[in-house]
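Analysis of the macromolecular model
Now for the letters of each chain:
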Amino acid sequence: MRVVQSGKYFRVLPDSEIEARQMRHRLMGWRQRKNDPWIVAEDNLVNRIVLSQSIDLIYSGSVSCDIADSRLKDYQQGDVHLMCRLKHCLNANPMGLGKTVEAIIALQTMKAETICIVVPKIIRQQWVDQIKRWWGRDAEIFEKQVTLEPGKIYIVNYDKLRNERILAKFRRFRWDCLVLDEAHKIKSRTSKQAVAVKLIPSARRIALTGTPILRYVDDLWSLLNFLGEEYSGKSYWAFVDYFCEVEKTPWGNKIVGTTDDPYRQAILGEMLSLFM
C-alpha cells in the first residue's frame, strides 16, 4: 500500500481490492471517485493511527517539563508532565483527583502568561483562590467593565461568552492557553457556548471534565473538536458513523451507544490514550 500526504489529506493506493475494502472500513472521513484507485482520506488522528503515520502533531515541541512543586502527588506529577508535552489535552480524571491543581501547575510549567479560563459561574472564585495558592499569581474574574490586557489571567463563565460583544473582546487576543473547566458543558456541538469557545484563538487548549464521556461517544466529538479538527475530524457525522451504533426508528436515526466493531473500539481507545 502506498500513502502520500497532500495538504490536509492522505492519498492511499491499496495493493489489492481486498486491501481497498479494508481501508474503506478503517479510515474515517474518506472518499473515492468512481474508477479511481486512490482513496482520499482527511488528515486526522484516527487516520494517522490507521495508516501508521507520525502523531507528532499532538505534541507541543520545546516546552520544559521540569515540575518543581513537591506538593503534587506522584500521579499528579505524571499528569502534569503529559499535559505540558501535549499541544492540547483532555484531562478526564474522576472528580476529586485534582484536575484544577494539575491544570494550574501545567500552566505555570508551560510559562503561560495570557490565559483565559472558562468555568461555570459558581466556581469562578474557587479558581481565583486556587491559582493564588498554587501559583502565587492573581487572576481576575471578568465582568462587563473589565478591560482585557495581555499577560494576565482572566476567569469568565460560559454564559457571558454567549454575548457577542463580550465574545468579541476575547477573540481579539491570541491567548497562550485557553482552559475549559466542566468541559462537558460544550458537549452539544450546536449550543451557543460550544460555538463561542471554539472561536477564541489560543496557542494551546486544555479541557477538564470529570463526567464520564465514553458512554455517549457522539458527545465526545464537540470536546475533541474544541481541541482541534485533527482530533475530531472535520465532520460530526463521519465521527458518528465511525464510532457510534445507530438504530433506525420511525422518527429517524437514533444513536444508541458506541460501535460494536472491535477494530474501531480499539482505535478510539488508542486515540484517547494519546492525549487524555
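For the structure, see preceding data.
A brief look at the structure comes next. Computed from a predicted structure; not experimentally measured. What you see as residue numbers is a count from 1 along each chain, following the sequence as written. For a predicted model such as this one, the threshold for reporting local features is a pLDDT of at least 70, and the threshold for listing and counting side-chain atom pairs is 80 or more; totals across whole chains, interfaces and linings nevertheless cover every residue. The basis for every side-chain value is the complete set of heavy atoms in the structure, and neither hydrogens nor water enter the calculation.

**Remarks on the overall build of the chain**
Helix and strand definitions follow DSSP, with helices as H or I runs of at least four residues and strands as E runs of at least two, each counted in order from the N terminus. Across its full length, the chain holds eleven helices and twelve strands. Relative accessibility decides the category of a residue: with a 1.4 Å probe and only protein chains considered, values under 20% of the type maximum give buried, values over 50% give exposed, and everything between is partly exposed. In the chain, which comprises 276 residues, the share counted as buried stands at 49%. Contact definition: two residues touch when any of their heavy atoms are within 4.5 Å. Residue pairs at least 24 apart in sequence account for 63% of intrachain contacts in the chain once pairs closer than 6 positions are excluded. For the area figures, the Shrake-Rupley method with a 1.4 Å probe applies, and any residue is considered shielded solely by the protein chains shown. For the chain, the exposed area adds up to about 14,200 Å²; of that, 48% sits on carbon and sulfur atoms. Side chains of the chain carry 42 positive and 33 negative charges; the gap between the two charge centres is 6 Å. Charged residues are defined narrowly, with Lys and Arg counted positive, Asp and Glu counted negative, and His plus the chain ends left uncounted. The atoms used to mark charge sites are NZ of Lys, CZ of Arg, CG of Asp and CD of Glu.

**Looking at the nonpolar core**
Ranked by size, the top nonpolar core spans 87 residues in total, and within it Trp127, Leu161, Phe170, Phe243, Met271 and Phe275 carry the most contacts. If we skip the residues at most four places from it in the chain, Phe170 touches Cys116, Phe142, Leu148, Val156, Leu161, Trp175, Ile200 and Pro201. Throughout, nonpolar core names a set of buried Ala, Val, Leu, Ile, Met, Phe, Trp, Tyr and Cys residues whose side chains join them through atoms within 4.5 Å.

**Some words on the sheet that holds strand 2 (residues 9-13)**
Within the open sheet, the four strands sit side by side as 1-2-4-3. Their pairing is antiparallel. At either end of the open sheet lies a strand with only one pairing partner, and these are strand 1 (2-6) and strand 3 (30-31). If DSSP finds at least two bridges between two strands, the strands pair. Both strand 2 and strand 4 (residues 39-42) contribute to a ladder of four bridges, which runs antiparallel. Across the sheet, the residue bridging to Phe10 is Ala41, located in strand 4.

**Brief notes about the pairing of strand 8 (residues 153-157)**
Here strand 8 lies mainly inside the structure; five of its five residues are buried. Residues Ile153, Ile155 and Asn157 point to one face of strand 8 and Tyr154 and Val156 to the other, with burial holding for every one of them. Of the pairings in the sheet, the one linking strand 6 (residues 115-119) to strand 8 comprises five bridges and is parallel in character. What sits directly across from Ile117, in strand 8, is Ile155. Bridge analysis of strand 7 (residues 139-141) against strand 8 gives three bridges, and the strand direction is parallel. Bridge pairing in strand 8 links Ile141 to Ile155.

**Some details on the sheet that holds strand 9 (residues 175-180)**
Taken together, the six strands give an open sheet; going across it, the order is 5-10-9-6-8-7, and neighbouring strands pair in parallel fashion. The open sheet has two free edges, formed respectively by strand 5 (88-91) and strand 7, since each of these has just one partner strand. For this sheet the average axis-to-axis angle between neighbouring strands, irrespective of direction, equals 20°. Of the pairings in the sheet, the one linking strand 9 to strand 10 (residues 202-208) comprises five bridges and is parallel in character. From the neighbouring strand, Val179 faces strand 10, where its bridge partner is Ile206. The axes used here are C-alpha line fits, helices contributing only the stretch in contact, and every angle between their N-to-C directions lies in the interval 0 to 180 degrees.

**Some points on the pairing of strand 1**
Both strand 1 and strand 2 contribute to a ladder of five bridges, which runs antiparallel. Within strand 2, the position partnered with Arg2 by the bridge is Leu13. Between the antiparallel neighbours strand 1 and strand 2 lie two residues, among them Gly7 with a positive phi of about 65°.

**Describing the pattern of salt bridges**
Whenever Lys or Arg places a side-chain nitrogen within 4 Å of a carboxyl oxygen from Asp or Glu, that contact is recorded as a salt bridge. One pass over the full model with this rule turns up eight salt bridges. Among the salt bridges present, the one from Arg48 reaches Asp43, with a minimum N-O distance of 2.7 Å. Accessibility classification places Arg48 together with Asp43 in one group, the buried group. With its nearest N and O atoms 3.4 Å apart, the salt bridge here joins Lys160 to Glu143. Within this pair, whereas Lys160 is found in the loop between strand 8 and helix 6 (164-171), its partner Glu143 is found in the loop between strand 7 and strand 8, the two being separated by 17 residues in sequence. Exposure remark for Lys160: the relative accessible area of 16% places this residue in the buried category. Under the relative-accessibility criterion, Glu143 is labelled partly exposed at 28%. Among the ionic contacts, a cluster of salt bridges with common partners joins Arg124, Glu143 and Lys160.

What is shown is where atoms sit, not what they do.
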